[in-house]
Amino acid sequence: MKFRFATWKDTVMMVVGSLCALIHGAALPLMLLVYSEMTNTFVAYELEIQELKDPDKECNNNTIYWRNGSIYETAANNTVYCGVDIEAEMTTFAYYYIGIGLGVLFVSFFQIDFWVSTAARQVQRIRKTYFRKIMQMEIGWFDCNSTGELNTRMSDDIDKINNAIGDQVSFFIERISSFVSGFIVGFIGGWKLTLVVIAVSPLIGLGAGLMAMAVARLTGQELKAYAKAGAVADEVLSSIRTVAVFGGEQKEAERYDRNLVEAQNWGVKKGTIIGIFQGYLWCIIFLCYALAFWYGSKLVLDTKELSPGGLIQVFFGVLIGAINLGQASPCLEAFASGRAAAKDIFDTIDREPKIDCFSEEGYKLDKVKGDIQFHNVTFYYPSRPEVKILNDLSMQIKAGETTAFVGPSGSGKSTTIQLIQRLYDPKEGMVTLDGHDIRTLNIQWLRSLIGIVEQEPVLFATTIAENIRFGRPGVTMEDIIQATKEANAYNFIMDLPQKFDTLVGEGGGQMSGGQKQRIAIARALIRNPKILLLDMATSALDNESEAVVQEALDKVRTGRTTISIAHRLSTIRNADVIIGFEHGQAVEKGSHTELLERQGVYFTLVTLQNQGTSNTANDEATEACEEDFNVNVGNFSHGSHRSSARLRSESKLSNNFFLDALQDSITIPLDKELTPENKCGDDEDVEPAPVARILKYNQPEWPYMLLGSLGAAINGSVNPIYALLFSQILGTFAIDDLDNQRDQINGICVLFCIVAVTSFISQFLQGYAFAMSGELLTRRLRKVGFQAMLKQEIGWFDDPSNSPGALTTRLATDASMIRGATGSQIGMVVNSLTNIGASFIIAFYFSWKLTLVIMCFLPLIGLSGVFQAKMLTGFANEDKKSMEAAGQVSSEALTNIRTIAGLAKESSFVESYEQKLELPYKYGKKRAKIYGLCFGFAQCVIFMAYAASFRYGGHLVSSEGLHYMFVFRVISAIVTSGTALGKASSFTPDYAKAKTAAAQFFKLLDRVPKISINPSDGEKWDKFWGEIEFLNCKFTYPTRPDIQVLKGLVVSVKPGQTLAFVGSSGCGKSTSVQLLERFYDPDEGQVLIDGYPTHTVNIPFLRSHIGIVSQEPVLFDCSIAENIQYGDNTRSISMEEIVEAAKKSYLHDFVMTLPDKYETQVGAQGAQLSRGQKQRIAIARAIVRNPRILLLDEATSALDTESEKTVQTALDEARKGRTCIVIAHRLSTIQTADVIAVMSHGAVIEQGTHDELMSKKGAYYKLFTTGAPIS
């Protein structure tokens, strides 16, 4: 199963390691044999001392005689043994201990070393095989598996396997061996008592098992309960714009809080139940002590079957066995998660790729002309099988010609290029090269014929020369220089200080777009390709770079089959053939002039682009237009409904404001060097938060904390009390008088029972109180955190690190982690402190000398505890660090897999990855040695401590007459407290995590939003008219600082007028609406409302006068009535008003046909309703507000003709008497507007009424008369 990557050498090492683990496991029970012998020695010595107190007795030949020479006999006619040389005996025992200790050191070192190093070797192999296999997979597989997921698999899942085949196995073997040998030792000592103890031990096991089950179930319940609140948070954060528009922040925070109550109650239940079970466990353990000692002492005193040492041997033998059995179970967990992880990974390793780039099969043609033909190709991406991208496409591309593809986004242009490279295979039909189906050709060879320059060229994080070498292995420097000259890159490279050795940075981040593009062209040229594919190779450039790159491309096109996809006419005009695409089919083909006559797809493109050049009134616009005017033609064929799943999914992502429209028309000013510094602002390490501040949030719960601490204190003192009672029992065996002995033993057993009950109560107290305080804190933090999130400005949510997913996780995990720093943590501290304090008091009180000797070992024992804790956590971090280099290679490879496949460079990445793995592997082997040593040391230190302290104890007993009972008392008190110390220190990781989580959290709470929604900030006025003016507004989205969206927008609307914006996507229409809503503030210029600049206006006041209906209206998962009520969150809205608004928006009749009428649930995001119904609810929601300003953002674009008519009527009704801004795709819907503004590239190029614009015969006229679709 998991060991399928082990060689015979590994197997031998694993077998030896297992043997060592077996021996190691038996060491502790072995020690018990020595321990019991030692106890017997002490008891015999004590009896002798007591007898010899009588001056009439003396010791002779190891038997006690009366002074008169007759043998002394006890009441039971037994002779009394004497002459125990305690010092000598103790020395022998000390040697035994040291021997066992050294043995343990030795075997535990090998146990760890062998297992860890074989695991490292196997994991190394798994990693290599896995990565190699991933690099072989076809691209379609990558579409279905996100690179992020693959990266985590490479790190986390393989770590899990490592865990499951490494030290965990040896621990498991060791613990099982302890379990078995513990029981054996018990049976050797005395079978009756062993059976009695075994009979009650299932109770302990049962308790532990039940607790694990209960905790798992309750955690599940708690997560489920929180999931509801989490769903609320997710819904709110993903539709934050709608919440903001309708001022629903407070309402949502309360709805979230209501859902938190349930999670809180489950959490308290969980804490309480854990408390009860912990209490039950301790209670049972102490009751077992009582029973065992009571019955055992009966066997020792009445039937004489057991020696006192035998009693200890049996009892501890069984106890050690039981504890080790319990500790073996976490290992099983590691095995289970390891197996689950291995299944995923081995499945991938066993999967056969559909297109194997490493395969040697397939023909290599001797001579290639470069004719490419598509025969009835149908294709859809494996990740989205429901969307046909290419629909029965047939076309021919002649060798040596330049063919240009034009058409709207999503019509399948780039897809054809990927099919030519054979990144995918078509579902039906075939692609041929010179008449050969490319599926029959050798892949590496085919790809070596093709040079590709993409829109966003991917460079690898190495030097310029290396990047160009990726094009073809083994090229000389001369070739590289030649290629850069052809690509117009030579001059700029020579200007750089390091010339060809300049590092381009992660993803080419140090280079400007034009420079990257030219390096990519050089990389394509150095292959001397037969076929050159240019996928929008110049679209990301500004005018100057474009000219240079374009010139480079024109130079190299000659004599090659070239396919170019472009949006700018300048780049297409001189193509030999132009093919127009629409909906996955080639709809028109011909030269520039032929296609203009057809007035189809190509014509629309040309019209819109030439507009700016003929109109010189606005320089700003001219420039903008000559630049890239990416037109998504044809997504809205005139008047028919819109059916493009791709755009739909995009608009969902961008929260219904068509931000992604910018996608293809990105223009980057290339003077700014993008350095990594300005990429990541938010990831700097956060200082851990001060505990005081965390506690401050927990203030109201102080009574609970007090109670909990009290419980913890009692729990802490249980261990020392146990040491007292235990040694007391040993002491009783040395009392002559049987009755006295019995009374004492019974008394002690009763005390044990009392301790049991107390500890039950105090554990319960600690569990309940801290759960209560912790859950209340978690809930409070979640609520505060959620409110803080809702206060942020919209720009903050655009940052990918604040995506709804990330924020909801932060609410879920950070808040519950912070608990770790307060309640339970305080409990641990108090517990450990009382434990250690009480132990020391007892120890010093009974024998300070012995205590001092043992204290020398305390640091070592404590250290061994710390070691064990550190081993589990510390190594993990260092591992991660050493894996980082390999991780970078793998993530770079997976992110840019398309480019690598296009260059056929998979194998070089595999090699580089394997090379990077060497270091962590060497490190892992070294680590195995260190880990083994530490582990061995930690294991043997306790044996050494016993050796020294009992030896010295023996000395004190013989020379200073110390009662041996006190020796045991001191030693067990200190040793238990030492282990407690170690345990307490192992709790620190949670604590550190909690502090960092808290710091992250407080950072969110302390962030001051750039746009405050505080009801008291800003001005309000009485008569709100709704006059709007945009004065020279310039704006860039904060997440994309390099793209200016609005470039000096000037437009105004009088109260009660309707303004319509027309223009292609990405020209800034929706952006202007968002500025008006004050989601963002303009970088320069102002937006005035009634003459007040918006940034001085009170936001809730401003937004309360604006109603919005957007393209994809966001509905919340509640009833229709509640969704309409959402329109005004400042007051409660009566049913009459709802019906009134519904009638105005033509919604009422439809609602009345539903079984639940207004109480109908709309489902998540309104999924139960059709688009038209959702749209009308959104309109009703806007009307209920009774706003002065109505914003309609493509409100009807997503509807079919019938719903559109209804909705349009509803909108015309709603517009009466209000200022209105309409963004429209269909010109028919805006003819009645008072002002029509045609926008291009963030500025208005012409404005006026419908008639004025028609008489101008400008852009609007052309659009209107040809009926060409705009978008």
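Throughout this document, residue positions are counted from 1 along each chain, in the order its sequence is written. Local features in this predicted model are restricted to residues of pLDDT 70 or higher, and side-chain atom pairs are both shown and tallied only at a pLDDT of 80 or more, whereas totals for entire chains, interfaces and linings draw on every residue. Based on all heavy atoms of the structure, the side-chain values leave hydrogens and waters out of the count.

- The name that an unreviewed UniProt entry assigns to the chain is Bile salt export pump, with the source organism given as Monopterus albus.
- Quoted verbatim from the Subcellular location (unreviewed entry) field of UniProt, the annotation for the chain is "Cell membrane".
- UniProt positions are given in the numbering used here, feature names are shortened, and annotations may be inferred rather than shown by experiment. Here the chain is described in UniProt, under the heading Sequence similarities (unreviewed entry), as follows: "Belongs to the ABC transporter superfamily. ABCB family. Multidrug resistance exporter (TC 3.A.1.201) subfamily."

**Describing the overall build of the chain**
Logical step 1: Where helices and strands are cited, they refer to DSSP runs of H or I of at least four residues and of E of at least two residues respectively, numbered from the N terminus. Secondary structure summary: the chain contains 42 helices and 22 strands in total.
Logical step 2: Here the contacts in the chain between residues at least 6 apart in sequence split such that 80% fall between residues at least 24 apart.
Logical step 3: The Shrake-Rupley method, run with a 1.4 Å probe, gives the accessible areas here. Residue values count only the displayed protein chains as cover. When the accessible surface of the chain is summed, it comes to about 52100 Å², and 57% of that surface belongs to carbon and sulfur atoms. Note on contacts: a residue pair is in contact if any heavy atoms of the two residues lie within 4.5 Å.

**Comments concerning the packing of aromatic side chains**
Logical step 1: Two rings from Phe, Tyr or Trp (for Trp, the six-membered ring) form a pair when their centres sit within 6.5 Å of each other. Planes less than 30 degrees apart are called stacked, planes more than 60 degrees apart edge-to-face, and all others tilted. One pass over the structure, following the stated rule, counts 39 aromatic pairs.
Logical step 2: The rings of W282, F286, Y289, F293, F315, F316, Y722, F726 and F752 are connected pair by pair, giving a single aromatic cluster.
Logical step 3: Counting as a charge over the ring demands two things of the Lys NZ or Arg CZ atom: a distance within 6 Å of the ring centre and an angle within 35 degrees of the ring normal. Positioned over the ring face of W266 is K269, at 4.1 Å from the centre of the ring.
Logical step 4: Sitting above the plane of the F846 ring, R969 keeps its charged end 4.5 Å from the centroid.

**Section: the sheet that holds strand 22 (residues 1243–1248)**
Logical step 1: Between any two strands, at least two bridges found by DSSP are needed for them to pair. Spatially, six strands are ordered 18-19-20-15-21-22 in an open sheet, and the strand pairing comes out mixed. Every interior strand has two partners, whereas the edge strands, strand 18 (1106–1109) and strand 22, have only one. This sheet shows a mean twist of 20° between the axes of neighbouring strands, independent of strand direction.
Logical step 2: By the bridge criterion, five bridges tie strand 15 (residues 1058–1063) to strand 21 (residues 1235–1240) in an arrangement that is parallel. Residue G1063 lies in a different strand from strand 21, and its bridge partner there is M1239. Orientation is described by lines fitted to C-alpha atoms, with helices fitted over the stretch in contact, and by angles between N-to-C directions that extend from 0 to 180 degrees.

**A few points about a negative patch on the surface**
Logical step 1: Patch definition: residues with relative accessible area over 30% and no salt bridge; like charges joined within 9 Å; nonpolar side chains (Val, Leu, Ile, Met, Phe, Trp, Tyr) joined within 5 Å. Any carboxyl oxygen of Asp or Glu within 4 Å of a side-chain nitrogen of Lys or Arg constitutes a salt bridge here. We score Asp and Glu as negative and Lys and Arg as positive, and we do not count His or the chain ends. Taken as the charge location is NZ of Lys, CZ of Arg, CG of Asp or CD of Glu. Taken together, the side chains of D736, D737, D739 and D743 define an acidic patch exposed on the protein surface.
Logical step 2: The residue D737 is located in the loop between helix 24 (702–732) and helix 25 (738–791) in this model.
Logical step 3: Throughout, exposure labels follow a simple rule: accessible area from a 1.4 Å probe, protein chains only, divided by the maximum for the residue type, with under 20% read as buried, over 50% as exposed, and the rest as partly exposed. Using a relative accessible area of 43% as the deciding quantity, one classes D737 as partly exposed.

**Side note on the environment of E360**
Logical step 1: Among the secondary structure elements, E360 is positioned in the loop between helix 9 (308–350) and strand 3 (372–379).
Logical step 2: Judged by relative accessible area, which is 67%, E360 ranks as exposed.
Logical step 3: Along the chain, E360 and L441 lie 81 residues apart, while their C-alpha atoms are 10.0 Å from each other.

**Some points on the packing of helix 25 against helix 27 (residues 804–818)**
Logical step 1: Two elements in contact, helix 25 and helix 27, have axes whose closest approach is 9 Å; the angle formed by their N-to-C orientations is 145°. The element helix 25 and its partner helix 27 pack so that their crossing is right-handed. Facing helix 25, whose interface residues are L777, T778, L781, R782, G785, F786 and M789, helix 27 presents L807, L811, A812, A815, S816 and I818.
Logical step 2: Polar here means any residue other than Ala, Val, Leu, Ile, Met, Phe, Trp, Tyr, Cys and Pro, which are nonpolar, and Asp, Glu, Lys and Arg, which are charged; Gly is therefore polar. Partitioned by chemical class, the residues of the contact of helix 25 with helix 27 number nine nonpolar, three polar and one charged. Crossing handedness is read from the near helix: turned anticlockwise from the far helix by less than a right angle, it gives a left-handed crossing, and turned clockwise, a right-handed one.

**Remarks on helix 10 (residues 413–420)**
Logical step 1: For helix 10, the buried fraction is high: seven of the eight residues fall into the buried class.
Logical step 2: Of the residues making up helix 10, those classed as buried are K413, T415, T416, I417, Q418, L419 and I420.
Logical step 3: With its phi angle positive at about 55°, R422 sits one or two positions after the end of helix 10.

**With respect to a nonpolar patch on the surface**
Logical step 1: Together, V15, L19, L22 and I23 make up a nonpolar patch on the protein surface, roughly 370 Å² of accessible area in all.
Logical step 2: By secondary structure assignment, the location of V15 is in helix 1 (residues 8–52).
Logical step 3: The exposure class of V15 is partly exposed, given its relative accessible area of 48%.

**Remarks on helix 37 (residues 1135–1144)**
Logical step 1: For helix 37, the set of buried residues is I1138, V1139, A1141 and A1142. The buried residues of helix 37 occupy an angular sector of 165° when projected down its axis, which confines them to one face. Among the exposed residues of helix 37, those oriented more than 90 degrees off its buried face are E1136 and K1143.
Logical step 2: Of the residues flanking the end of helix 37, it is Y1146, one or two places downstream, whose phi is positive at about 55°. Throughout, the arc means that of the directions going from the helix axis to the C-beta atoms.

**Some points on the pattern of salt bridges**
Logical step 1: If you walk through the whole model with that rule in mind, you get 20 salt bridges.
Logical step 2: For the salt bridge of K929 with D113, the shortest nitrogen-to-oxygen distance reads 3.4 Å. Taken together, the positions of K929 in helix 31 (residues 906–960) and D113 in helix 2 (residues 86–136) put the pair 816 residues apart, joining distant regions of the chain.
Logical step 3: By relative accessible area, K929 is classed as partly exposed at 42%.
Logical step 4: For D113, a relative accessible area of 4% corresponds to the buried category.

**Quick look at the packing of helix 6 (residues 191–238) against helix 9**
Logical step 1: The geometry of helix 6 relative to helix 9 is characterised by a closest axis approach of 9 Å and an angle of 30° between their N-to-C directions. Judged on the interaxial angle alone, helix 9 and helix 6 are roughly parallel. For helix 6 against helix 9, the interelement crossing comes out right-handed. Here L193, T194, V197 and I198 of helix 6 lie close against helix 9, whose contacting residues are L311, V314, F315 and V318. Roughly parallel covers angles under 35 degrees, roughly antiparallel covers those over 145, roughly perpendicular covers 65 to 115, and oblique covers all other angles.

**A short note on the sheet that holds strand 6 (residues 428–433)**
Two orientations exist for strands paired in a sheet by backbone hydrogen bonds: parallel and antiparallel.
Logical step 1: With antiparallel pairing, four strands are arranged side by side in an open sheet as 4-3-6-7. In this open sheet, the two edge strands, each paired with only one partner strand, are strand 4 (390–397) and strand 7 (436–437).
Logical step 2: Relative to strand 4, strand 3 is paired through five bridges, and the arrangement is antiparallel. Its bridge partner lying in strand 4, V377 is registered against L393.
Logical step 3: Where helix 10 meets the sheet, it contacts strand 3, strand 4 and strand 6, and its direction lies at approximately 115° from that of strand 3.

**Describing the nonpolar core**
Logical step 1: To form a nonpolar core, buried Ala, Val, Leu, Ile, Met, Phe, Trp, Tyr and Cys residues must be joined to one another through side-chain atoms within 4.5 Å. Counting 82 residues, the largest nonpolar core has F42, Y97, Y289, F293, F733, F752 and F950 as its most contacted members.
Logical step 2: In contact with F752, not counting residues within four places along its chain, are F286, Y289, A290, F293, Y722, L725, F726 and I729.
Logical step 3: Of all hydrophobic cores here, the second largest spans 78 residues; its members include I443, L449, F460 and I900.

**Things to note about the confidence of the model for the chain**
Logical step 1: In the predicted model, the chain carries a mean pLDDT of 75, and the fraction of residues at 70 or more is 83%.
Logical step 2: Residue-level confidence of the predictor, termed pLDDT, takes values from 0 up to 100. Segment residues 611–684: pLDDT under 50, and 150 contacts once partners within four positions in sequence are set aside and those in other chains are kept.

**A short note on unusual backbone geometry**
Logical step 1: A positive phi angle is found at N376, which is not glycine, with a value near 40°.
Logical step 2: Note that N376 resides in strand 3.
Logical step 3: You can call N376 partly exposed: its relative accessible area is 44%.
Logical step 4: Even without glycine at this site, N1032 takes up a positive phi of about 45°.
Logical step 5: The topology assignment puts N1032 in strand 13 (residues 1028–1036).
Logical step 6: Since its relative accessible area comes to 41%, N1032 is described here as partly exposed.

**Brief notes about the pairing of strand 19 (residues 1189–1193)**
Logical step 1: Among the five residues of strand 19, five are classified as buried, and the element is accordingly described as predominantly covered.
Logical step 2: Burial of strand 19 is two-sided: the residues I1189, L1191 and D1193 facing one way and the residues L1190 and L1192 facing the other way are all buried.
Logical step 3: The pairing of strand 18 with strand 19 spans four bridges and is classified as parallel. Residue pairing for strand 19: G1107 is matched across the bridge by L1190.
Logical step 4: Pairing between strand 19 and strand 20 (residues 1219–1223): five bridges, direction parallel. When the sheet's bridge partners are listed, L1191 is paired in strand 20 with I1221.

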